[in-house]
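Next come the chains, spelled out residue by residue.
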Amino acid sequence: MKDIRYAPIGVFDSGVGGLTVAREIMRQLPDERIVYFGDTARVPYGSKSQDTIIRFSRQIVHFLRTKDVKAVVVACNTASALALETLQPEVDLPIIGVVTPGAKVAAETTANGKIGVIATESTIESQLYTRVIHEHNPRAQVFGKACPLFVPLVEEGWIKDPVTVEVANRYLEPLLATGIDTLVMGCTHYPLLRSVLRQIMGERVTLVNPAYETARELKSLLEAEGIANDGCRGDAKDTAQVGMHRFYVSDAANRFRQFANTILPFGVDTTQLIHIEDY
Ligand code: DGL
């Protein structure tokens with residue numbers, strides 16, 4: 001019988017952005033193997049309806065199950081906000097998203113009770129960040145702002161471009177005016193804009209990266225369930241990092257691989273294309 005501790009963790013996103021979450025998991029849980037799926041054929045999720053996001057996410061979880069994963073991380077904020085609650089009771093595996101860990105730490109971090117959340121339109125409309133922050137800090141004031149142009153700017157590689165700074169200034173101005181002391185980067189791509197966000201928000205605003213908090217929560221969860229990889233079988237440490245993780249996409253595998261190679265600390269040689277509508 002297979003020892004579940006050595007099974008991989010399924011991580012999925014609408015596309016490439018979730019690699020920021022995968023990267024954080026690799027950093028904090030170096031013994032764990034990841035099976036990553038990026039839904040590059042159907043990205044973006046951030047402007048789609050809840051029914052669609054649930055259908056897509058369900059198919060992806062079915063696909064990840066075929067890879068015998070021991071847990072699933074919904075690395076996409078939009079899918080975490082719109083589909084996770086529906087999927088959780090359907091799946092007999094530990095499954096976590098990025099919104100709750102990020103919201104929790106923001107609620108605990110703020111000193112003046114004013115928290116900003118930047119995310120996709122669908123995530124902001126779902127109000128999930130606000131709901132979870134209030135569960136942990138009922139008096140907090142939450143200011144949400146959708147920043148839809150950030151995703152294409154990051155994918156274009158314009159991380160520090162003057163155009164990006166200009167766009168960020170426009171989006172963040174109203175948030176700055178509220179006097180927030182904490183800002184949640186509630187979309188997979190936004191941590192890649194950290195230096196621009198820092199420049200505009202200033203040193204006094206704490207930037208919360210849900211990816212970091214999610215990896216921490218995953219670690220506790222695996223330990224609590226007794227399914228953490230102890231590294232004894234050597235899958236992780238003795239295998240070159242590059243061969244340890246698997247990457248799947250629903251379209252444009254080459255483009256994904258190129259982006260992955262700018263984000264991950266090792267080169268991704270192969271990315272497999274699958275037909276996600278079959279799941
Ligand atoms: N991954 C998405 C998120 O974190 C951003 C990209 C998209 O809209 O699909 O919300």
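Note: the structure precedes this text.
This report concerns the structure included in the present document. Owing to the predicted nature of the structure, the values given are computational and were not obtained by experimental measurement.

A large share of strand 1 (residues 9–13) lies buried, amounting to 5 of its 5 residues. By the alternation rule, side chains of strand 1 split into Ile9, Val11 and Asp13 and Gly10 and Phe12, which are all buried. Taken together, the 5 bridges between strand 1 and strand 2 (residues 34–38) define a ladder with parallel strand orientation. The partner of Ile9 across the bridge, within strand 2, is Ile34. What joins strand 1 to strand 2 is helix 1 (residues 19–28), and the crossover it makes is right-handed. In this structure, strand 1 lies alongside strand 3 (residues 71–74), joined through 4 bridges in parallel fashion. Looking at strand 3, one finds that Val11 is bridged to Val73.

This part covers the packing of aromatic side chains. The tally for this structure, following the rule as stated, stands at 9 aromatic pairs. Taken together, a centroid distance of 6.2 Å and an interplanar angle of 45° make the contact between Tyr36 and Phe247 tilted. Here Phe247 lies in strand 9 (residues 246–249) and Tyr36 lies in strand 2, a separation of 211 residues in the sequence. When sorted by exposure, Tyr36 lands in the same class as Phe247, which is buried. Every member of this aromatic cluster is reached through a ring pair, and the members are Phe37, Phe63, Tyr248 and Tyr279. The ring of Phe56 is capped by Arg42, whose NZ or CZ atom sits 3.8 Å from the centre of that ring.

Each value, and the rule that gives it
Residues numbered from 1 in each chain as written. Predicted model: local features only at pLDDT ≥ 70, side-chain atom pairs only at ≥ 80, totals over all residues. Heavy atoms only, no water. Buried < 20%, exposed > 50% of the residue type's maximum accessible area, 1.4 Å probe, protein only. Helix = DSSP H or I, 4+ residues; strand = E, 2+ residues; numbered from the N terminus. Pairing = 2+ DSSP bridges. Right-handed = clockwise from strand over helix to strand, strands pointing away. Phe/Tyr/Trp six-rings, centres within 6.5 Å; stacked < 30°, edge-to-face > 60°. Lys NZ or Arg CZ within 6 Å of the ring centre and 35° of its normal.

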